[in-house]
Amino acid sequence: METGKVTAAATALGTTQPSVSKLIADLERAAGFEMFERHGRQVVPTPEARALFEEVERAFVGMAEISRVIEDIRDFRTGSLLIAGMPALALKFLPDVIAEFIAEEPGITVSLRTRSSQAVLRHLSSQQFDLGFAALDSDHPAVQRQALFTAPMLAVLPPGHELLEKTVLAPSDFHQRPFVALGAEIGTRSETDAFLLEGKARPRIVAEAQLSASICELVAAGAGVSIVEPVTATYFGAAGRIVVRPLKPAQPFRYDLLLPATRQPSRVAGRFLSLVEARFEALFDATR
């Protein structure tokens, strides 16, 4: 059909002219109608052959498209990733990872939903999200929860504060000082209260906020001092907005990875997680 000659077709297929002639004869016998009219060395396709060729071409195009899709998935040229993250990670940390990821894999579309840790757990339990990032002390049967990264909480101080003379802060250092607290409904609040009570410290709470970022903004504005999870504190400290100090005794804070329980992470999700882990290490290595 494409060359117009049996000998040219044989050359294109890497076989012999008699072999091609036999294949044509076999096909005509199986189909029950002639495929070509012979005019010397020329072969002219019959209307039936043209109709069959159009269908064969469509089939080959379909197979080629399937192969292309397979290659795109294998080489990360197509796909999507739906992520739910707690604000402590979704406001700065995860956007930085996403920007790095899509620069490396521009064919992947990433969607990020910023939710409370409990809402992230509910989102993952729907099995509609690929990855969740939260800080939790409870589980859900439809969600796999595993430790992603653990680092100590940090004291956050406004620039020029008198406590900056100390390299490590104890509970007693917060006694009667203006303090910006986490909202009472936030789980980490109880851990912070326990730390302060260990040294019988009673800071003077001047404000409360739900988000670590909001607390750091209040501290940067001079409203008081506070204690927050390490990722947000480290970002604000690196920007020069606040100054951070470690606590003694240390207060570990764990960031959790949540996965839908009914399916394994995709290759795309696995690639994204490798960047998340690398950024955690880089973020805290820079502050050590």
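The rules we used
Residues numbered from 1 in each chain as written. Predicted model: local features only at pLDDT ≥ 70, side-chain atom pairs only at ≥ 80, totals over all residues. Heavy atoms only, no water. Core = buried A, V, L, I, M, F, W, Y, C linked by side-chain atoms within 4.5 Å. Buried < 20%, exposed > 50% of the residue type's maximum accessible area, 1.4 Å probe, protein only. Helix = DSSP H or I, 4+ residues; strand = E, 2+ residues; numbered from the N terminus. Contact = heavy atoms within 4.5 Å. Polar contact = N/O pair within 3.5 Å; in protein donor to acceptor, adjacent residues only side chain to side chain. Pairing = 2+ DSSP bridges. Axes fitted to C-alpha atoms, helices over the stretch in contact; angles between N-to-C directions.

Draft legend 1. Structural context of the nonpolar core. Counting residues in hydrophobic clusters, the biggest one holds 46 residues, and the most contacted among them are F93, L131, F133, F174, F272 and F280. Among the elements that make up this core, the one with the highest residue count is helix α10 (residues 267–285) (9 residues). Apart from the residues lying within four places of it in its own chain, the contact partners of F174 are A155, L169, F179, F195, L196, R202, P203, V225, S226, I227 and L247. Of all hydrophobic cores here, the second largest spans 13 residues; its members include L154, A213, V228 and I242.

Draft legend 2. Layout of the side chain of E28. Mapped onto the fold, E28 is located in helix α2 (residues 17–31). In terms of polar contacts, E28 uses its side chain to reach the backbone amide nitrogen of F36, at 3.4 Å. Polar contacts involving the side chain of E28 include one to the side chain of R38, which spans 3.4 Å. When neighbours within four sequence positions are excluded, E28 is seen to be in contact with F33, E34, M35, F36 and R38.

Draft legend 3. Broad picture of the sheet that holds strand β6 (residues 143–152). Pairing within the open sheet is mixed, and its 5 strands lie in the order β4-β3-β5-β12-β6. The sheet is open, and its two borders are formed by β4 (108–114) and β6, each paired with just one other strand. Taken over all neighbouring pairs, the strand axes of this sheet differ in orientation by 20° on average, direction set aside. Taken together, the 9 bridges between β6 and strand β12 (residues 252–260) define a ladder with antiparallel strand orientation. Following the sheet pairing, A151 is matched in β12 by F253. Most of the contacts of helix α6 (residues 117–125) go to strand β5 (residues 131–134), to which it runs at about 160°, and overall it touches β3 (79–85), β5, β6 and β12.

Draft legend 4. View of the environment of P265. As for its position among the elements, P265 is in the loop between β12 and α10. Among the residues examined, P265 registers a relative accessible area of 39% and is labelled partly exposed.

Draft legend 5. Here's a closer look at the sheet that holds strand β11 (residues 243–246). Taken together, the 3 strands give an open sheet; going across it, the order is β10-β7-β11, and neighbouring strands pair in antiparallel fashion. The outermost strands of the open sheet, each flanked by one partner alone, are β10 (226–228) and β11. For this sheet, the mean angle separating the axes of adjacent strands, direction not counted, is 40°. Taken together, the 4 bridges between strand β7 (residues 154–157) and β11 define a ladder with antiparallel strand orientation. Counted as the bridge partner of A155 is R245 from β11. Relative to the sheet, helix α8 (residues 212–220) contacts β7 and β10, its axis offset from that of β10 by approximately 150°. Along the sheet face, helix α9 (residues 230–238) touches β7, β10 and β11 and points at about 35° away from the line of β7.

Draft legend 6. Inspection of α6 at higher detail. What α6 keeps buried is the set S117, A119, V120, L121 and L124. The inward-facing, buried residues of α6 abut β3, β5, β6 and β12.

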